[in-house]
Amino acid sequence: MAKKVGVSEATVSRVLNGKPGVSEATRQAVLSALDVLGYERPTQLRGERARLVGLVLPELQNPIFPAFAEVIGGALAQLGLTPVLCTQTRGGVSEADYVTLLLQQQVSGVVFAGGLYAQADAPHDHYRQLAERNIPVVLVNAAIEHLGFPAVSCDDAVAVEQAWRHLASLGHERIGLVLGPGDHMPSARKLAAARAVAGEVPDEHVARAMFSIEGGHAAATRLIERGVTGFICASDPLALGVVRAARRKGLDVPGQISVVGYDDSALMNCTEPPLTTVRQPIEAMGKAVVELLNAQISGSAVAPEELLFEPELVVRGSTGQAPRG
């Protein structure tokens, strides 16, 4: 290999062992020769060759996460970066396990969407590991404070204002919220925004749920019994659960119950009725995520600030005039 590149064997040894004293051009020439001659690179150099980026998601059942993965993965590929999809499963590989794995692979950076950074009571040590090693990281949507990473978020406050005003304009006075767990930051922002726009939201009009259709169904059943007619949900699957709960109680959507989702994920215009929801601008957000990550990979200083993107209310068939009486 030394003969192929035109350098000494000692220089090749330095490159393969990650030792200093070799110019960047020579280093790249040795690594390219390694690939051309069909040799496998040493473990510590593999991530650099593949330019891998971890993309850590909580699940793939909620269509918003595959949608983010598609946008972010496509933008990474255009820069010659390869996304490594890491999806958590219940009782399987945890977020912290994935971080350990990604660090072993010498990744160039990591993008987290819907992760433990959004839950105040969750373990966060693996984020500190990444920070200590100066690994470029970008978070998608609201995070707890003091993690020190840049974030790209949809504005939860604007989303709730749009949904609340829409339901109020239809005459709904008993508006309820179906949110994630109590320590979930985007849900906390949504609740604060609702209280800001409405003046007061009684606790009995707020239900907490796991992010699933079943979670939405259970939460909505409680709120319907308390007289809520307009629902603002923290995700589209939660909203579909509310529609299902209303139907099980023999109530018409939107004749008696109105429902607003959040995300505008795939196929929400094909549900029955088509779901009114607040759209996250995932194209623009995904591109911003990759720009921030690539800037860090390139050695630029990126402030640990949050970029807020404006959502858009998409009115379809799941909201209507409030029932009289």
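Residues numbered from 1 in each chain as written. Predicted model: local features only at pLDDT ≥ 70, side-chain atom pairs only at ≥ 80, totals over all residues. Heavy atoms only, no water.

Looking at an unreviewed UniProt entry, the protein carries the name LacI family transcriptional regulator, with the source organism given as Streptomyces griseorubens.

Further remarks concern the overall build of the protein. In terms of regular secondary structure, the protein is built from 12 helices and 12 strands. Each principal axis of the C-alpha distribution contributes one length, and for the protein these read about 90 × 35 × 35 Å. When each of the 325 residues of the protein is scored for burial, the buried share is 49%. In the structure as shown, the protein presents an accessible area of about 15100 Å², 50% of it carried by carbon and sulfur atoms. (Helix = DSSP H or I, 4+ residues; strand = E, 2+ residues; numbered from the N terminus. Buried < 20%, exposed > 50% of the residue type's maximum accessible area, 1.4 Å probe, protein only. Areas by Shrake-Rupley, 256 points an atom, 1.4 Å probe, with all protein chains shown as cover.)

For the rest of this paragraph, the subject is the sheet that holds strand E4 (residues 137–140). Reading across from one edge, E2-E1-E3-E4-E5-E11 is the order of the six strands in this open sheet, with parallel pairing throughout. Single-partner strands in this sheet number two, and they are strand E2 (82–87) and strand E11 (306–309). Along the sheet, successive strands turn relative to each other by an average axial angle of 20 degrees, direction set aside. Where strand E1 (residues 52–57) and E2 come together, six bridges link them in parallel fashion. Looking across to E2, one finds that Leu52 is bridged to Thr82. Lying over the sheet, helix H5 (residues 64–78) contacts E1, E2, strand E3 (109–113) and E4, oriented at roughly 170 degrees with respect to E1. (Pairing = 2+ DSSP bridges. Axes fitted to C-alpha atoms, helices over the stretch in contact; angles between N-to-C directions. Contact = heavy atoms within 4.5 Å.)

Helix length check: helix H11 (residues 236–248) (13 residues) gives 19 Å between terminal C-alpha atoms against 18 Å at 1.5 Å per residue, within 8%. Buried within H11 we find Asp236, Pro237, Leu238, Ala239, Gly241, Val242, Val243, Ala245 and Ala246. On its buried face, H11 sits against strand E6 (175–179), helix H10 (213–225), strand E8 (230–233), strand E9 (258–263) and strand E10 (276–279). If you check the start of H11, you find a side-chain oxygen 3.2 Å away from the backbone N of Leu238, and it comes from Ser235. Looking one or two places after H11, you find Gly250, whose phi comes out positive at around 75 degrees. (Expected span 1.5 Å × (residues − 1). Polar contact = N/O pair within 3.5 Å; in protein donor to acceptor, adjacent residues only side chain to side chain.)

Glancing now at the side chain of Asn141. Tracing the sequence through the fold places Asn141 in the loop between E4 and strand E5 (151–154). Of the polar contacts made by the side chain of Asn141, one reaches the side chain of Gln280; its length is 3.1 Å. Here Asn141 is in contact with Tyr117, Val152, Ser153, Cys154, Gln280 and Met285, once residues within four sequence places are set aside.

Summed over the entire model, instances satisfying the criterion amount to nine salt bridges. Across the pair Glu306 and Arg189 runs a salt bridge whose closest N-O atoms are separated by 2.9 Å. Here the residue Glu306 occupies a position in strand E11, and Arg189 occupies one in helix H9 (residues 185–198), the gap between them amounting to 117 residues. Given a relative accessible area of 31%, Glu306 falls into the partly exposed group. For Asp203, the salt bridge goes to Arg195, with nearest N and O atoms at 2.8 Å. Since its relative accessible area comes to 30%, Arg195 is described here as partly exposed. Among the charged side chains, a network of salt bridges with common partners joins Asp264, Arg279, Glu312 and Arg316. (Salt bridge = Lys/Arg side-chain N within 4 Å of Asp/Glu carboxyl O.)

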